[in-house]
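Results of the structural survey
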Amino acid sequence: MSLRIVVTVKYVPDATGDRHFADDLTVDRDDVDGLLSELDEYAVEQALQISENSDDDVEITVLTVGPEDAKDALRKALSMGADKAIHVEDDDLHGTDAIGTSLVLAKAVEKAGYDLVISGMASTDGTMGVVPALLAERLGVPQVTLLSEVSVEDGKVTGRRDGDAASEQLEASLPAVVSVTDQSGEARYPSFKGIMAAKKKPVQSWDLSDLDIDEDEVGLENAYTVVESAAERPARTAGTIVKDEGEGGKQLAEFLAGQKFI
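Bear in mind that the values here come from a model prediction, so they are computed numbers and not experimental data.

Observations regarding the overall build of the chain
Helix and strand content of the chain: 6 helices and 12 strands. The C-alpha extent of the chain, read off along each of the three principal axes, is 75 × 45 × 40 Å. The contacts in the chain between residues at least 6 apart in sequence include a share of 70% that link residues at least 24 apart. By element, 46% of the accessible surface of the chain is carried by carbon and sulfur atoms, the whole surface being about 15400 Å².

In structure tokens form, the structure reads like this:
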């Protein structure tokens, strides 16, 4: 038997860079370096672990929707050990929101063929966390979200969801969509061998026409959610320096009380 896993990943601006909005109030991706979303690395890791622990033949495809540079995110996932990649790129996708993105992902997943879709719990730029559920709805399959542990056996995916007060054991029949948290296990670093092998792994490029999606179904003008305004974060002001000349403790306490910290 074989198991086809599709891992959805996102190319996001580096959180350590100087991020800001473009004139149309979408995230400016031209002036900041991008990378594979850290939360999606956990999804790739879980797919790899399922493959390593399975007696079946497992094929792992990583899928992303994004600009040309998004191939860097795919290469990272391929160097970790994924088998092949799909890149959906189209100028009309600019500004697409989570609802439109879920449509594109669903069409791409169906075209690729799948038994299990694995996603990160959220992207590190939008942090909405709704795409896995939207994707499962569009595909018409069960969703098992926010898992800290995942396994596949006998045509079912099982996992543990950890809450504040208790943990749940969940199960769904394949095909299904799951999302994993950052507590699911540290993602591996690509080895030199993996990095070199990734250069030879296939990366397919699709656009909206390949997925039978009309341009009026996606894009900024057709988004259900938009940013209406944005302002630069205020510059950090100089801190208050308390010199201890015998009453430093008192001055510190007064400062903390004035800030309502105590």
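Let's talk about the packing of aromatic side chains
Taken as a whole and judged by the stated rule, the model has 0 aromatic pairs. Here the basic side chain of Lys111 rests over the ring of Trp206, its NZ or CZ set 5.2 Å away from the ring centre.

Things to note about the sheet that holds strand β5 (residues 84-88)
The strand order β7-β11-β6-β1-β4-β5-β12 describes an open sheet built from 7 strands, whose pairing is parallel. Of all the strands in the sheet, the pair left with one neighbour each is β7 (143-147) and β12 (203-206). The sheet shows a mean angle of 20 degrees between the axes of neighbouring strands, direction not considered. Contacts from helix α2 (residues 71-80) reach β4 (57-65), β5 and β12, with the element oriented near 165 degrees to β5. Sheet strands in contact with helix α3 (residues 98-112) are β1 (2-8), β4, β5, β6 (116-120) and β12, and its direction is about 150 degrees off that of β4.

Observations concerning the confidence of the model for the chain
Of all residues in the chain, 100% have pLDDT values of 70 or greater, and the mean over the chain is 91. Mean pLDDT across the elements of the chain bottoms out in helix α6 (residues 248-258) (85) and peaks in β5 (98).

Topic: a nonpolar patch on the surface
Taken together, the side chains of Phe21, Val27 and Val227 make up a nonpolar region of the molecular surface, amounting to roughly 220 Å² of accessible area. Considering the arrangement of structural elements, one finds Phe21 in the loop between β2 (11-13) and β3 (34-36).

Section: the packing of helix α1 (residues 38-52) against α2
Contact geometry for α1 and α2: axes closest at 10 Å, N-to-C directions at 30 degrees. Considering their axes alone, α1 and α2 lie roughly parallel with respect to each other. As for the relative orientation of α1 and α2, their crossing is right-handed in sense. Listed contacts from α2 to Glu41, Val44, Glu45 and Leu48 of α1 are Lys76, Ala77 and Met80.

Details of the pattern of salt bridges
Summed over all chains, the structure comprises 11 salt bridges. The salt bridge partner of Glu45 is Arg188, with a shortest N-O separation of 2.8 Å. With Glu45 in helix α1 and Arg188 in the loop between β11 (176-180) and α5 (192-198), the pair connects residues that are 143 residues apart, well separated along the chain. Residue Arg188 is classed as partly exposed on the basis of its relative accessible area of 26%. Between Arg160 and Glu149 there is a salt bridge whose closest N-O contact spans 3.0 Å. Within this pair, whereas Arg160 is found in strand β9 (residues 156-162), its partner Glu149 is found in strand β8 (residues 149-153), the two being separated by 11 residues in sequence. Of the residues examined, Arg160 reaches a relative accessible area of 23% and is grouped as partly exposed. Under the relative-accessibility criterion, Glu149 is labelled partly exposed at 41%. Overlapping salt bridges bring together Glu45, Glu52 and Arg188 as one network.

Description of the layout of surface pockets
Roughly 250 Å³ of internal volume is contained in the second largest pocket. Of all the elements in the fold, those that place two or more residues in the lining of the second largest pocket are β1 and β8.

Section: the side chain of Thr26
Within the secondary structure, Thr26 is located in the loop between β2 and β3. Relative accessible area serves as the criterion here: at 14%, Thr26 is assigned to the buried category. In terms of polar contacts, Thr26 uses its side chain to reach the side chain of Asp24, at 2.6 Å. For Thr26, the contacting residues outside a window of four places in its chain are Phe21, His94, Gly95 and Leu220.

Calculation notes
Residue indices begin from 1 for each chain and proceed along its sequence in written order. Only residues with pLDDT of at least 70 get local features here, since the model is predicted, and only at 80 or more are side-chain atom pairs given and counted; chain-wide, interface and lining totals rely on the full set of residues. The basis for every side-chain value is the complete set of heavy atoms in the structure, and neither hydrogens nor water enter the calculation. Comment: elements are numbered from the N terminus, with helices defined as DSSP H or I runs of at least four residues and strands as E runs of at least two. Any two residues having at least one pair of non-hydrogen atoms within 4.5 Å are treated as being in contact. Computed by Shrake-Rupley with a 1.4 Å probe, the accessible areas treat only the displayed protein chains as cover when residues are assessed. Only Phe, Tyr and Trp rings take part, Trp by its six-membered ring, and two of them pair if their centres are within 6.5 Å. Stacked means planes under 30 degrees apart, edge-to-face means over 60, and tilted covers everything else. Over a ring means this: the NZ of a Lys or the CZ of an Arg is within 6 Å of the ring centre and within 35 degrees of the ring normal. The pairing criterion for strands is at least two bridges between them, as found by DSSP. Throughout, an axis means a line fitted to C-alpha atoms (over the contacting stretch in the case of helices), and angles, computed between N-to-C directions, take values from 0 to 180 degrees. Note: pLDDT gives the predictor's confidence per residue, expressed from 0 to 100. In this scheme, patches are assembled from residues that exceed 30% relative accessible area and form no salt bridge. Like charges are connected within 9 Å, while nonpolar side chains (Val, Leu, Ile, Met, Phe, Trp, Tyr) are connected within 5 Å. One side-chain nitrogen of Lys or Arg within 4 Å of one carboxyl oxygen of Asp or Glu is enough to make a salt bridge. Angular relationships are summarised with four words: roughly parallel below 35 degrees, roughly antiparallel beyond 145, roughly perpendicular across 65 to 115, and oblique for the angles in between. Note: crossing handedness is left-handed where the near helix turns anticlockwise from the far helix by less than a right angle, and right-handed where it turns clockwise. Summary of the burial criterion: residues with accessible area below 20% of their type's maximum are buried, those above 50% are exposed, and those between are partly exposed, where the area comes from a 1.4 Å probe applied to protein chains only. Grid points spaced at 1 Å and placed over the protein atoms alone form the basis of the search, with a cavity being a set where a 1.4 Å probe fits but cannot get out and a pocket an open set showing protein on both sides within 12 Å along at least five of seven lines. Lining residues have an atom within 4 Å of a point. Grid points are joined across faces, edges and corners, and a volume is the space filled by probe spheres set on the points. Contacts described as polar in this section are N or O atom pairs within 3.5 Å, which, within protein, must combine one atom able to donate a hydrogen with one able to accept it, while residues neighboring in sequence count only if both atoms come from side chains.

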